[in-house]
Structure formats: structure tokens, C-alpha cells
Amino acid sequence: MLRVGGKTACMACRSMLSTNMGVKFPVPLQKLHPLSRSIHHRFSGNANPQRPPHRMAARYFTSMSRLPMRPPKPPRGSGGRGYQQQRNFWMVRLATRLLKLRYILLGGAVGGGYTAKKTYEEWKDMLPDFSEYNWVIPDFIWELSEQIDLDKLAKALPEMEEIAKLLPDLDKIGENFAFLKSLLTSGVRLGSEVKGAGLHLLLETSGDPPLKATDSSSAAAQDPSDKQYKKSSDKEKLDQLQEELLRTQLKYQRMLERLEKENKELRKVVLQKDDKGIHRRKVKKSLIDLYSEVLDILSDYDANYNTQDHLPRVVVVGDQSAGKTSVLEMIAQARIFPRGSGEMMTRSPVKVTLSEGPHHVAMFKDSGREFDLTKEDDLAALRREIELRMRKSVKEGQTVSSETISLSVKGPGIQRMVLVDLPGVISTVTAGMASDTKETIFSISKAYMQNPNAIILCIQDGSVDAERSIVTDLVSQMDPQGKRTIFVLTKVDLAEKNLASPNRIQQIVEGKLFPMKALGYFAVVTGKGSTGESIDSIKDYEEDFFQNSRLLRDGMLKAHQVTTKNLSLAVSDCFWKMVRESVEQQADVFKASRFNLETEWKNNYPRLRELDRNELFEKAKNEILDEVISLSQVTPQHWEAILQKKLWERVSTHVIENIYLPAAQTMDSGTFNTTVDIKLKQWTDKQLPHKALEIAWETLQEEFARFMAEYKGKDQDDIFDKLKEAVKDESIKRHKWNERAMDGLRVIQHNALEDRSITDKPQWDAAIQFMEETLQSRLKDTDSVIRDMVGPDWKQRWLNWQNRSPDQHIRNETKNELERLLKLHEDHTAYLANDEVTTVRKNLEGRSVEVDPVLIKDTWHQLYRRHFLQKALSHCNLCKRGFYYYQRHFVDSELECNDVVLFWRIQRMLVITANTLRQQLTNTEVRRLEKNVKEVLDDFGEDMEKKTHLITGRRVQLAEDLKKVREIQEKLEAFIEALHKEK
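Residues numbered from 1 in each chain as written. Predicted model: local features only at pLDDT ≥ 70, side-chain atom pairs only at ≥ 80, totals over all residues. Heavy atoms only, no water.

1. Section: the overall build of the chain
Going by this rule: Going along the chain from the N terminus, every DSSP run of H or I of four or more residues is numbered as a helix, and every run of E of two or more is numbered as a strand. Shrake-Rupley sampling with a 1.4 Å probe provides the accessible areas, and residues are treated as covered by the protein chains on show and by no other component.
If you tally the helices and strands in the chain, you get 36 helices and 11 strands. With the model as given, the accessible surface of the chain reaches about 50300 Å², and the carbon-plus-sulfur share is 49%.

2. Some points on unusual backbone geometry
This is how it is decided: Here's how the labels work: a residue is buried when its accessible area is under 20% of the maximum for its type, exposed when over 50%, partly exposed in between, all with a 1.4 Å probe on protein chains only.
Although it is not a glycine, S321 adopts a positive phi angle of roughly 65 degrees. Relative to the helices and strands, S321 resides in the loop between β3 (314-318) and α13 (324-332). Overall, the relative accessible area of 43% leaves S321 in the partly exposed class. Here T563, not a glycine, exhibits a phi torsion of approximately 75 degrees, which is positive. Tracing the chain through its elements places T563 in the loop between α20 (550-553) and α21 (564-604). For T563, a relative accessible area of 12% corresponds to the buried category.

3. Focus: the packing of aromatic side chains
Rule in force here: Here is the rule: rings of Phe, Tyr and Trp (six-membered ring for Trp) pair when centre to centre is within 6.5 Å. Planes less than 30 degrees apart are stacked, more than 60 are edge-to-face, and the remainder are tilted. Remark: a charge is flagged as sitting over a ring if the NZ atom of Lys or the CZ atom of Arg is within 6 Å of the ring centre and within 35 degrees of the ring normal.
Scanning the entire structure with this criterion turns up 14 aromatic pairs. Taking 5.3 Å as the distance between ring centres and 65 degrees as the angle between the ring planes, the aromatic pair formed by Y660 and F903 counts as edge-to-face. Residue Y660 is found in helix α23 (residues 636-664), and its partner F903 is found in helix α34 (residues 898-942); the two are separated by 243 residues along the sequence. In this pair, the class of Y660 matches that of F903, namely buried. Measuring from ring centre to ring centre gives 6.4 Å for Y864 and F868, while their planes differ by 25 degrees; the resulting arrangement is stacked. A residue pair is termed a helical-turn pair when its members lie 3 or 4 positions apart in one helix, as Y864 and F868 do in helix α32 (residues 853-879) at four residues. Overall, F868 belongs to the buried group, its relative accessible area being 7%. An aromatic cluster is present here, built from W648, Y660, F770, W860, Y864, F868 and F903 joined pairwise through their rings. Over the ring of F364 we find R389; its NZ or CZ atom is 4.1 Å from the centre of that ring. It is K947 that lies over the ring of F617; its NZ or CZ is 5.4 Å from the centre.

4. A short note on the sheet that holds strand β10 (residues 485-490)
Basically, it comes down to this: Strand pairing is defined by DSSP finding a minimum of two bridges between the two strands. In this analysis, two residues are considered to be in contact whenever any of their non-hydrogen atoms come within 4.5 Å of each other. Where helices are involved, their axes are fitted lines through C-alpha atoms of the stretch in contact, as for all axes, and angles between N-to-C directions lie from 0 to 180°.
Taken together, the nine strands give an open sheet; going across it, the order is β6-β5-β7-β4-β8-β3-β9-β10-β11, and neighbouring strands pair in mixed fashion. The strands lining the two open edges of the sheet, one partner per strand, are β6 (371-372) and β11 (520-523). By the bridge criterion, two bridges tie strand β5 (residues 361-364) to β6 in an arrangement that is antiparallel. When the sheet's bridge partners are listed, A362 is paired in β6 with F371. Packing of helix α12 (residues 287-301) onto the sheet brings it into contact with β4 (350-356), β7 (405-411) and β8 (417-421), and relative to β4 it is tilted by some 165 degrees.

5. Focus: the pattern of salt bridges
This is how the line gets drawn: In the sections that follow, a salt bridge refers to a side-chain nitrogen of Lys or Arg positioned within 4 Å of a carboxyl oxygen of Asp or Glu.
In total, this model carries 46 salt bridges according to the counting rule given. For R383, the salt bridge goes to E376, with nearest N and O atoms at 3.1 Å. On the accessibility criterion, R383 (19% relative accessible area) is buried. Taking relative accessible area as the criterion, E376 reaches 51% and is therefore assigned exposed. Where R866 meets D783, a salt bridge forms, and the shortest distance between an N and an O atom there is 3.7 Å. Within this pair, whereas R866 is found in helix α32, its partner D783 is found in helix α28 (residues 761-790), the two being separated by 83 residues in sequence. You can call R866 buried: its relative accessible area is 18%. Residues joined by salt bridges that share partners form a network here, namely R594, E598, E610 and R966.

6. Considerations on the pairing of β11
What you see with β11 is no split at all: G520 and F522 on one side and Y521 and A523 on the other are buried throughout. By the bridge criterion, four bridges tie β10 to β11 in an arrangement that is parallel. Residue pairing for β11: F487 is matched across the bridge by Y521.

7. Things to note about a nonpolar patch on the surface
Stated formally: Put simply, a patch holds well-exposed residues, over 30% relative accessible area, that have no salt bridge, with like charges counted together within 9 Å and Val, Leu, Ile, Met, Phe, Trp or Tyr side chains within 5 Å.
On the surface, W794, W798 and L799 cluster together to form a nonpolar patch covering roughly 480 Å² of accessible area. Overall, L799 belongs to the exposed group, its relative accessible area being 62%.

8. Let's talk about the state of the cysteines
Threshold: In what follows, a disulfide is any cysteine sulfur pair within 2.5 Å.
Summed over all chains, the structure comprises one disulfide. Between the sulfur atoms of C879 and its disulfide mate C897 the distance is 2.0 Å. Judged by the sign of its S-S torsion, about -100 degrees, the bond between C879 and C897 is left-handed. Here C897 lies in the loop between α33 (883-887) and α34 and C879 lies in helix α32, a separation of 18 residues in the sequence.

9. Considering helix α31 (residues 834-846)
Heads up, the condition is: The span one expects for a helix is its residue count, reduced by one, times 1.5 Å. Read the arc as the range of directions from the helix axis to the C-beta atoms.
Its 13 residues place the ends of α31 19 Å apart at the C-alpha level, agreeing with the 18 Å of an ideal helix rising 1.5 Å per residue. Within α31, the full set of buried residues consists of V837, V840 and L844. Within α31, the buried residues cover an arc of 65 degrees as seen down the axis, which keeps them to one side. Away from its buried face by more than 90 degrees, α31 exposes N834, D835, K842 and G846. Against the buried residues of α31 lie α30 (806-824) and α32.

10. Some details on the side chain of R811
For clarity, the cut-off: Here the positive residues are Lys and Arg and the negative ones are Asp and Glu; neither His nor the chain ends is included.
Topologically, R811 is positioned in helix α30. For the buried R811, no salt bridge exists, and the shortest N-O distance to an oppositely charged side chain is 4.3 Å, to D807. When near neighbours in sequence (up to four residues on either side) are disregarded, R811 contacts M789, V790, L855, D858 and T859.

11. A look at the packing of α23 against α32
We count it as follows: If an angle is under 35 degrees, it is roughly parallel; if it is over 145, roughly antiparallel; if it lies from 65 to 115, roughly perpendicular; otherwise it is oblique. By the convention adopted, Pro, Cys, Tyr, Trp, Phe, Met, Ile, Leu, Val and Ala count as nonpolar, Lys, Arg, Asp and Glu as charged, and the other residues, Gly among them, as polar.
Their axes nearest at 12 Å, the elements α23 and α32 cross at an angle of 75 degrees. As far as their axial angle goes, α32 and α23 are roughly perpendicular. Contacts from I656, E657, Y660, L661 and A664 in α23 reach R865, F868, L869 and A872 in α32. Of the residues that constitute the contact of α23 with α32, the class distribution is seven nonpolar, no polar and two charged.

12. Remarks on the side chain of T399
Under the convention used in this document: The term polar contact refers here to a pair of N or O atoms within 3.5 Å; inside protein, the definition further demands a hydrogen-donor-capable atom paired with an acceptor-capable atom, and it admits residues adjacent in sequence only when both atoms are side-chain atoms.
Following the sequence through the fold, T399 ends up in the loop between α14 (376-393) and β7. Here T399 falls in the buried class, since its relative accessible area comes to 5%. Polar contacts involving the side chain of T399 include one to the main-chain amide nitrogen of A434, which spans 2.7 Å.

13. Observations regarding the confidence of the model for the chain
Stated formally: Confidence of the predictor at the level of single residues is given by pLDDT, which spans 0 to 100.
For the chain, the average pLDDT comes to 75, and 70% of its residues sit at 70 or higher. Here residues 156-170 is modelled with pLDDT under 50, and outside its nearest four sequence neighbours on either side it reaches 21 contacts, counting other chains as well. Under a pLDDT of 50 for its full length, residues 183-222 has, in the predicted model, 106 contacts with residues more than four places off or in other chains.

14. Quick word on the pairing of strand β9 (residues 455-461)
Most of β9 is tucked away: seven of the seven residues are buried. Side chains I455, L457, I459 and D461 of β9 all project onto a buried face; the interleaved residues I456, C458 and Q460 project onto the opposite face, where all are buried too. Direction of pairing for β9 relative to β10: parallel, over a ladder of six bridges. Its bridge partner lying in β10, I456 is registered against T485.

15. So, the packing of α30 against α31
Keep this limit in mind: Handedness of a crossing follows from how the near helix is turned relative to the far one, being left-handed for an anticlockwise turn of less than a right angle and right-handed for a clockwise one.
Contact geometry for α30 and α31: axes closest at 10 Å, N-to-C directions at 125 degrees. Considering their axes alone, α30 and α31 lie oblique with respect to each other. In this structure, α30 crosses over α31, and the sense of that crossing is right-handed. For the pair α30 and α31, contact is made by E813, T814, E817 and L818 and by V840, N843 and L844, respectively.

Right, dumping it as C-alpha cells:
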């Protein structure tokens, strides 16, 4: 085989192609090798009309395999009787063919050498031109270029003298022609018995149809032994010529491989120097990276493809376990994807951006970590990270997700393209999967494939029955004409081994078995099925398989249709062709979208800036932090007044009902003080500190909410309301009060309640005023309760036309009876005796009022409470002048103002507690709350879903769309500019 400019073909076809290189060798199409004729038909477009059009034939030709040609076989069953009639004419034709074989050999060798040199010149032109970067290229680059003398390397190419050395031995060819001359001069006639192994072998090589014999008598004139000698001699000569031809091909093959390897090493060195020198000073993104950024922005902008996003992607679809991931790994040249035995591993779309680079590395879009793909530890970490991201993207209760994972892979020799690996199509939902998994996978696949510029890489498992395929029907629905579909048959080694009829593989790759159509058909092998296989071992196995496979030997597969290398070249070419055809049109679409959005903004929000969600969040964040700072500026007097008021409101009921009334109703000074001391001690040890901290925490929340509400009313944007409310709730939820302050607060409260020494008259008067206000408030509440019990009085009944209910009538009669009892016994105790209850009941029965003893006791409790509070208030008025007696410790039963001292102790405890809580608030809790608010804002700022939920509205969405569309348009324009420069 010969390689010409990176192309592989037989010698006969090379001579035909050399006409494009300035060297003309007139070889008729009929004289080409059968494999070459099929390639010529594909190259020239004269394909079988029954087969689908193959627009990429010329491009596929360039990536033909380097497999050696097999010697042609002579046709079977051919006879030689007809050759006797035109003996002389046949001899002339034979001489012509042998002479033409010389032209074939000479032309192929010369054309191959010329094309090899021309190909090297093309590679030389592909090297970067550093003349434009003189100002940034360091000296070591020029030193490198001086060391690599390209002219010397060009001179190393074989000249015509060396090419002549590679040609077959001309002396041997002379001997062959001398032998032919002896045949012509001696007039030897070949008989009809000559099956012509050498003759037919030569005719098959030339491609001519068998000549018709005209002299039937010549066979009889030929000596049988002479015929046998001539047959063996012809075969030996032709075998020698064939061997010389193959040796020549192999020499050029090795030469081109050596040049290609040197070119790859040079490119790697240049990329490494460029990566270390230029990129540190000026970051220049590659063409495929620019394109990938556009696709990432589009994915974030609209994951559901509601926009007019028709930018090309290579969408990889296939049945589950068909080998999609293995094909991608072969293209990426690394085992980067997680794998499992039979279970679904691809749970979300994975966008892989492939590009060339000096180092074989991978990186996620949202991460700065580089995974070295040459190290097994980094490969394992990359696979774990991909699996973790997939599982994280799947919502609870689901099996697959539409959220895209973006990954870039760079390395030497990797074809530039963007592939999207989709979850495998399934036919049955198994246990452990969500019930809608099948439909979800179909919808995700259709969303990507319905893009009219998406290249569909349809993966089909060759080791299973073709009838079990599901994906082919799906692909045929999305691309009925097959204009953007490339079909890949995987596991061909298993298919050849297991299938009884290998012709079935030929039917598949010719597009005759499936109802779908495709732009191209490929057959690949992705290893022996072991998860521990390396990419290099898989490549070697694939090449060995196809070199020895009878699928190629028998012509069932074409050389350009096999190996993942040819596949990646074809897909990359198709991808960039489609990108160049569609990218400018897509840029115009987004330009029009930008104009429409800007017009809508100007009409609806003419005086507002175009702030997107992130900018709005930062503005709201600053406002909230200002409000928290304002909270720390609250005056101590304000804090203490609020705390003291709220604390007394919370504990007043307990003080009156459980401490004051039980002690005061004993009607004994010693018993009163003893009871008060015991109950205050119990209250301080168990309930009071907890109540105080609860009140302080609630006060802090209320003040925080008050400041938020005040700022809301100061011409603040109502678009932040939901966010501020969420921040307030979450901050309060996270705030934990410092419980260690409780022990200190308990000691302070206990000491305050133990003190009974009122030092001056103002304190005494303040205590009396506090007591009066408290007792009046309780008396008012008690009167209200009694009115509700007995119903409206006579004035309300007459004026407001209100009547008592039967229960209120009974209550009123009971009240009247008990009031008469109190008038008779003003110093009555708090409880009724049983005989008194019986007396009241009998008196009521005498007035035809049936009453329950429990009702009597309840009514008595409220009446006695009112009676006692009235007496306490009158006693309080008497104690206003009692400070003199209290200060001198005079014993006067009428002016024993122990209740005033109690209220003074309570009041002093409230003041001291409020002061302590205020200090704790201002010194500790407000700062901790401010810290919590900052943490909540930081967490919300990192949670895009949270921000989307809390900052909503058409104004926000319009600003978001404007930002994204502008960014997309700018990226597209930068990409188009770089694309034009690359051309």
C-alpha cells in the first residue's frame, strides 16, 4: 500500500490520483483493482443509486486504513478455447499489458515520492507562524527554531535517485520482456487447456474482461509439457513483481509514518513552549474552547431549548450498554467515565469539549482542578467526581436528570469537537427506577436531537440482534433523511464471532438492514470488555482485529469505515463543516433577540438600570446589612424599656396569682413574708431565667423585624421583600442564644429579690405606684370577668335591649347572694366553707334557682378576688405615708406595708434583669445575629436556585435574558472572528 498526503490506496488508484499532482498516467477505470474501483466510484460520486448518497466519501478516503493488500485471486472456471481464433491479437494485447505494468510501477513510485514530499510541505505550513508574535515570544523559542532546521529536514526527503533505488530491479523486468519477445518470435500458441494461472492473474490485475479466443486449433498445437512450464513461469514472474510492489509500498509507508511521528513531536514541543511562554502573558483561548463557552452559556440560559439555539453539537445516543461511553473514551483517548456491569451509569447529559493540547488533562467547567489523564489515580478521581455530580443532579425520586455536566478534555492528537453523551435508551423500567424514567430519557434525547444542526452519533451494539434496537427508530424519527446522522456499529469482534452470517454486518453498515438513513456508517471495536483495559491496548486490539478480519478481506467492510480513529476524523470534519455553515446565522438570531429585549426594557422600565438577579441580590444584601448595623445603634434606654415592659407582661400573672394573692390572703404578716420568700426562691431557680432569655430573644427578633419594615417603607424596592423575609427567618432560625448567660442571670435575679431595703422615699413611691397600677389592672380584668358571667345590668338591658341568658341569670342570682355574705363578713377568708355553700344553695332554691355547688365556688372566687383587690388598693393608699414607719421599723399592724416591699422587690428585679439582658444583647447577641445574617446572605448568594425563587418578577427575568443574550452574542462574535482567522 502507498500513503499519499495522508491517504491510503492501492498502486493503481494512486496512479489515477496522481493526475491531480501534475503527473499523468493514463490508466482506464476498468484496469483498476476492484477495491480501487469502489473507492474511485465513491470519490467521483458514481455510487450505486440504490445506496444512500455518501457526501463524505472524499473525506473518508483520506482516512483509509493502512492494511496491506492481499494478492489478487485468479478467476475461477475461466477457459481458454476462444483464444486460438485471435492468437496474434492476443499476443499484442499481452505485450501491451506488460508494458503498461511498467508504467504502473514507475508512476506509482514517482507519484508516491512526489506526494510524500508535497505532504511534508503541507505539514510544514501547518506549523505556527511566529512572525506575528515577535514581541511576546521569548528567546528560547528562537533557539528552538534554530535547532530545528526545516530546510535540512526537507532535504532529507528522498530525491529521484533514491526513488529509483526503491523501484523493482529493472534487469529482472528486462528479463521478463525478453521472455515475452521470445514468445512473440517463436510463434508459440497457447492451447485451450491452458487455464492460465499467470495469464488470468495478470488480466485480473489489469481489470480487463477476458479476451475472446478466435483460433480453436491453437490449443491442439501446443505441447502439454511446454504449456505447464509456461504457466509456472508466468506465475513465478508475476509473484516476484507483486512482492516487489508490496516492498516498495511498505518502504514508503514506514517513511511517512516516521515523518508523521516527527511532526507530532514537533507540534507537541511547540505547544508546550507556547503554553509556558505566551499564555502566561496573554491568555488566548482556543477555537473549540470559545465555542464550548457559548454552549455552556446557552445551557444555563435555557436548559429546555425554548430559545432558537441551533448551534451544532455531536449528540451521542444509543441503547443502554451499547458502547456509547466506550466510543467516547476512545475518541477522548482516556477512560474518563464511570462504568458498571449492566446498570445505568449515565444519569444526566455530559458535554465533553475535546481539543488539542500539550498535556492530556481534563477539567470541569465550574472547577479549577486539572485531572492528569496519564495517571490512574487522577482517572479514578475523575470518574468518582462525574458519578457524584450525576447523582447530585438527580432529584429525589427520579432516576435521570436533564442537568448538563460540562467537561473539557485536552491532549495531543485529539480531534476538536463538542460531544454530548446522553443516558442510554431503555425499553423497560426495572426495579429501583422511577416510573417515568423511560419517557424522561426519550424527552431528553429528543430535546438534543431536534436541533436541526445537531450531529447524531447513533451507537448500535453489533453483538446483539439488530431487531432489539430501540434507538434506530428514535433517530429515524428525528432525522428521516439521515442528513446529519452517523451510524456506528460497536463490538464488531463479537458480532463476527457470534453471527452465523457475516453478511448481516455488511447489510448494517450499508444501511440496508435498519429503516433509518445515515450520512456515514462505521464499524469499531472498543476492547475485550474488561474495565481495566487501557486505551493503547484497545487501539492495538482494534487494529489487529481489522487487519486479520475476513470482513475486510472479503470486502464486506471498506477500509475507511473501520476503527475509531477514522470515526473521530469523520465526525470532527462533519462537526466543523456544520459549525461554519450555521454559526453566523445563529449570531444573527441572537442579535435580533437582543434588540427585542432592549426595546421591551426601554418601554417598561425607562428609568431603571438593567440589573440582573446577581446584581439585585448584591444590592439587597447591602441594604440588609445596613439594617443589621442600625440594630446595633439602638440606645440602651430603648432596649431596657422594651425588655422591662415585655418581661413584666410575661410574668405579671404568675406574680399576682401564684405569689402575691396566696401570701396576702393569709392575713398574717409573718406568714406573708415566709410564703413570698419561698415562692420567689422557687420561681428564680426554675422559671424566671428561662422566661427572661426568651423575652430577650423575642425582643431582638421584633426589633430586627421592625427595622426591616422601616427600611421597606423608605422608598425601597419591593422586589426584595421575599428575600429580606427569608433572610430574617433563616437568620433567627440559625441564631442560638448563649445559654451560659443563664447561670449568671439567675444569681443576679436571686440577689435582687432577696433585697428588702428601700433606701429613699422616691423608691417607696415608685413601688406604691407600680403596685397601684398592677392592682387596678387586675381589678379591671376581674370586673370584666364578672360582667361576662352575670350578663348586662339593668341599664344595658333597657338602653341596648339586651337580655341575660339562663346561665347568666343563675350566675347573677348567685352573685347577689354571695355579695350579701361578703357584706356581713368583710374579713372573710378566700375560701367558702361547706356549710356556707349549702346555705347559699338553699337560699337560691327558695327563690326557685337551682344551682350547682361548683358554680357557687367559681362565682365566689371572682367576687372575693374583686373584694380583696379593692381592699388592697385602699391599703396601698394608706401606705403612701408609711415610708417613715417602714424606715424606723415601727410595728403598726395597720401600716404593715409588706405588699409594697414585695412590689418594690419585683420592680427592682425587673430593672436589674432588663439591664443585664440589654448588655448581653448589645455586647454579644446583636453581633452574633449580624454574623448569622452575613452567613445566610453568603449561602443564598451561592445558591442560584434560592435566588431565583426569592428574587422574581418580569423585570428581573428581562434583565437576566438581556445579560445572557448579550453574553452569547459577544461570545459568538469572538468565535466567528477566530473562525475566520483560522481559515
